[in-house]
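Close look at the chain arrangement
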Amino acid sequence: MLSSLLITCLLGALLSLAIKESLVKFWALFVSSLTLIIVFAGLFWFDFSRAESFQFVESYAVIKELGVSLHLGVDGFSYVMLILTALTSFASILWSFSDYQVSKRQKEYYFWLLLTELGLIGVFSSLDLIVFYVFYELTLIPMFFVIGIWGYSKRVYSATKFFIYIFVSSLFLLLGITALASYHAFQRGYYSFSYLELMNLRLEPGFELFVFLLFLIAFAVKTPLVPFHTWLPDAHGDAPTAGSVLLAAVLLKMGTYALLRFNIMLFPQVSTALVPVMVLWGILSIVFSAWFTLSQTNVKRFVAYSSISHMGFVISAMFMLNSVGIKASITEMFAHGLTSAGFFMMAGLIYSRLNTFDLSTSKGSLIKMPAFAILVGMIAFSSMGLPGGSSFWGKFLTILAARQYSTNLAILVLLAAFFSAIYVLYLVKNLYLDSKREDNLKDVSGSTLYSMIIMSAPAIMVGLLPFLLFLFYDSYSEYVISYLLKLSGVR
Amino acid sequence: MQEFITIEIPDLLLLMPELIVLFTGFLIFTLDLAFRRVSHIVGISLSSAGYIASIMALLLIYGKRGETLYGLYVRDGLSTTFQLLLVFLTLALLVFFYPYFKKRLSLYPEFYYILNFSLVGAMFLVSSYNLIVLYVALEAVSIGFYILTALLRGDFQSKEGALKYLILGGLSIALASYGAGFMYLHSGSLDLRNVFLYGQSDALILGLVFLMVGFAIKLGAVPFHFWLPDAYQGAPTPITAFMASVGKVAFFVPILRMMPLIQGEILREWTLAIATVSAITMIYANLVALNQTDIKRLLAYSSIANTGYVLAGISTASKTGLKAAGFFLIAYAITSFVSFIVVALLERFNDFKTEIEAFLGLRNISPAYASVLAISIISLLGVPPTVGFVAKALIFLSLAESKLWLLATVMIVATGISAGYYLKLLSKMFMFEPKSSMNVKPSAFERLTLSIFGLLLVLLGILPIFLFEPVSKSVEAILSR
């Protein structure tokens, strides 16, 4: 199943260069819907009773001598991410149908979008670290071009900044991966990049910390955590809407996904020792970025900063290292994927109506577009963490997880959640209320409407029926904790 | 190490590829003298026939090992693999050079046989342990390069570059031969395999230092690089492509060959020296490249930086390190060849200057050139899915294996700096509208060759085994000796 997904995306991307300029968008939509169908069809064969183990495993040797192989497989956690990827890619391609910003050079545009999807699917399904790295980097070039060619005002600057930040930080990851593989060669006598084999490695504490930090540099920039976040507002702010949607909804999740999958599982001792640091770092990230958010006057940068804040929740919940926390962080990842995508579509629509991202100019604009206002409302309230919205479960479970440590931590998380509610309310207030608008704005319709529904309907659905999502990673989060317990005797 | 002199009948089969190229060179030379000016059709067809025959000979004796000419000449996996690359790249050069020189009104048939003689030198350089043979081969390659650099006779820069190259190249060869002399003094043998057998002495250290400085000048490692940007910029661009690919490989392989022989105490200092040179080279070249406005100078500095990366792999002195260096060398040779060739093809068009500004909106002018150049730049930068990424990852693997964390960090920083100018080039090509409307139409044959090279860069990145396997085997061969 996984290789067929990759092949679909690859062939789809390559063929999109050969198709007529005016038809290529339909082709891209067809390819992305095909991947969506494959992902959902795969659910029939996915064994939920052992969702914590890897399924659909395939393996092809790439360089035998160095132990590199195209080793694919998904467990419940990565399956959730696959669903998010397929959904977001489909929605962002659908959105691009009526986006004026991307109406030039369509062939290349859809080529890059499909290539991004290829990279994302690869990231979430590879079990070999070097192959993971290849796919991780594979999303870089397409995004660089998408931002740089079809972006807004400072596009080239933002694209370059994005590329350099991610590229340089991920070189540390490459060094870390190769360090692990050569450590494996020292201990076992042969190289291996396989995740499952590297998990069995017992590292010396100093070395473990060193490699953990190398991995962390890459993923802290990608996620991003606060002092390393400065690429994000620029990249998200200047990318075309579909690019921002993909960036916020899925590309950021590559960082958090990898932290949970690799940092915690491969370096259990260091992760356990660094629990307070990481949790506090996450909370500081929430608070600071919430603060930065409130001073933004550009809708898109506003949403971008709010993304950083949400990522803080994911990180702090994840590093609480109890099963509730892990569940919370995955839920929050999924929820944020949906809501941030919705928010960026909102920003894109406001731009297409008012030709500006300025928050004060767009005051009260939503009143003129009732259907749009309802959709944005759904997204806003589920992002804020109101019961019934998807983010509620993320935040609620985070507080529960924090409660297992201490009440003080729980109160801290609660306060942080409060902070993140403030900016959403501020945005809602500005867009819905105080309006003396005279102009008539055309309401959301057509492909724009459908793509927004695709992102907001699951957000509400997850909020109301969270067990549908928990089904995927209930056993996974238990498994992670029991694995850590077995290894290091943590509480 | 013969006890008494025996008459050895040279095993010509081992030497066949070189002999074919040499014979082709002499044939064209003779024809040129006999008929005053040999026509270009004859030159191209004879040369390419010779190269193809040579490649076939190489494939025929692939896997064969042996020595001949009293051990002066060694045929092993390393020499066969690298010779295949050298001949292949030279053959590809024939496709591109004619239109360039025709446009610059500087067509001389000397080109063909000098190219042949240079190639023979390079082929000997990758397949000998003997210091004298290395010296002669080094001279053969270099003299060819001096002449080829000055081949644009009306052009001032071309002559300037050639003269600088001549002076510093002469110095480098003098130093290398001086080093060889010291090595002989130390061991009483000119064969590198024997030189290191007799422990350590001051003479050996002096010899190694001089030899290294000599080769460092040839490779353009900082601080011995000053001739390189001028020569690369001044030379006709197809020749630059030739020097950056064939030249670099040929000058590097003797060092690769030497590494497993150096043993004992001296090894630590030797690797430390190489690591230092490598670190300085990477950082300096990438920093200077950031400021270049001429594409050929920029690529020249990038070539210096890449020398640094290969040296980093060599400095580990481990099996993985040498394999990584070998792989990197081949990957770099192909990649830089492609990038210089695209520049050469673009230079044919009237309005085109070699400045970076000329690349504004290249994608709109010629998607074919722009995308092939983009692939080669992405490969130079080391981003998957290109062969450049695999090469860099292998270097990192070897550095991690030898626990050279500091050097690895320097390499990360250097690669990060290099992203600055590579991305500038990429964004100039793809993200801006063109200033002028050049009329650029590559011929069908060029398009075919270019797209083969572009595909090669990507395919070798996805399926690196086809390159890694031969490199790995050939490095094992020199290690097991």
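Analysis parameters
- Residues numbered from 1 in each chain as written.
- Chains lettered and ligands numbered in written order.
- Predicted model: local features only at pLDDT ≥ 70, side-chain atom pairs only at ≥ 80, totals over all residues.
- Helix = DSSP H or I, 4+ residues; strand = E, 2+ residues; numbered from the N terminus.
- Rg over C-alpha atoms; globule rule 2.2 N^0.38 Å.
- Buried ≥ 20, exposed ≤ 12 C-beta atoms within 10 Å, placed from the backbone.
- Contact = placed C-beta atoms within 7 Å.
- pLDDT = per-residue confidence, 0-100.
- Expected span 1.5 Å × (residues − 1).
- Arc of directions from axis to C-beta.
- Axes fitted to C-alpha atoms, helices over the stretch in contact; angles between N-to-C directions.
- Parallel < 35°, antiparallel > 145°, perpendicular 65-115°, else oblique.
- Left-handed = near helix turned anticlockwise from the far one by under 90°.
- Nonpolar A, V, L, I, M, F, W, Y, C, P; charged D, E, K, R; others polar.

1. Comments concerning the overall build of chain A
Along its length, chain A carries 20 helices and two strands. Relative to a compact globule of 491 residues, whose C-alpha radius of gyration would be 23 Å, chain A shows 21 Å and is just as compact. On the principal axes, the C-alpha backbone points of chain A span a range of 75 × 60 × 45 Å. Of all 491 residues assigned to chain A, the portion counted as buried reaches 62%. Across chain A, the fraction of contacts at a sequence separation of at least 24, relative to all contacts at a separation of at least 6, is 78%.

2. Some thoughts on the overall build of chain B
A tally of regular secondary structure across chain B gives 19 helices and two strands. Its C-alpha radius of gyration of 21 Å places chain B within 12% of the 23 Å reference for a compact globule of 481 residues. On the principal axes, the C-alpha backbone points of chain B span a range of 70 × 60 × 40 Å. Counting across all 481 residues of chain B, residues that qualify as buried make up 59%.

3. Some details on the interface of chain B and chain A
Facing 22 residues of chain B, the contacting portion of chain A comprises 29 residues. Of all the elements in the fold, those that place two or more residues in the side of chain B that touches chain A are α16 (387–401), α17 (405–430) and α19 (465–479) of chain B. In terms of residue count, α17(B) provides more of the side of chain B that touches chain A than any other element does, eight residues in total.

4. As for the confidence of the model for chain B
Per-residue confidence for chain B averages 89 on the pLDDT scale, and 98% of its residues sit at or above 70. Across the interfaces of the predicted complex, the ipTM metric reaches 0.93, alongside a pTM of 0.94.

5. A look at helix α2 (residues 24–45) of chain A
Residues and elements named next belong to chain A. End to end, α2 covers 32 Å across 22 residues, agreeing with the expected 32 Å (1.5 Å per residue, within 8%). Taken residue by residue, α2 has V24, K25, A28, V31, S32, T35 and V39 as its buried positions. The arc enclosing the buried residues of α2, seen along the axis, measures out at 130°, which places them on a common side. In this structure, α2 carries F30, A41, F44 and W45 as exposed residues pointing more than 90 degrees from its buried face.

6. As for unusual backbone geometry
All names here are of chain B. A cis amide bond links V222 with the next residue in sequence, P223, at an omega value of 5°. Tracing the chain through its elements places P223 in the loop between α8 (202–219) and α9 (227–234). Cis geometry is found at the peptide bond from P384 to P385, where omega equals 5°. Despite not being glycine, L69 shows a phi value in the positive range, around 55°. Position of L69 relative to the elements: it lies in the loop between β1 (66–68) and β2 (73–75).

7. Re the packing of helix α4 (residues 106–125) of chain A against helix α5 (residues 129–138) of chain A
Residues and elements named next belong to chain A. Closest axis-to-axis distance for the α4/α5 pair is 8 Å, and the angle between their directions is 150°. Classified by the angle between their axes, α4 and α5 sit roughly antiparallel to one another. Our pair here, α4 against α5, has a crossing hand that is left-handed. Contacts between α4 and α5 pair L118, G119, G122 and V123 from the former with F132, F135, Y136 and L138 from the latter. Taken together, the residues of the contact of α4 with α5 break down into six nonpolar, two polar and no charged.

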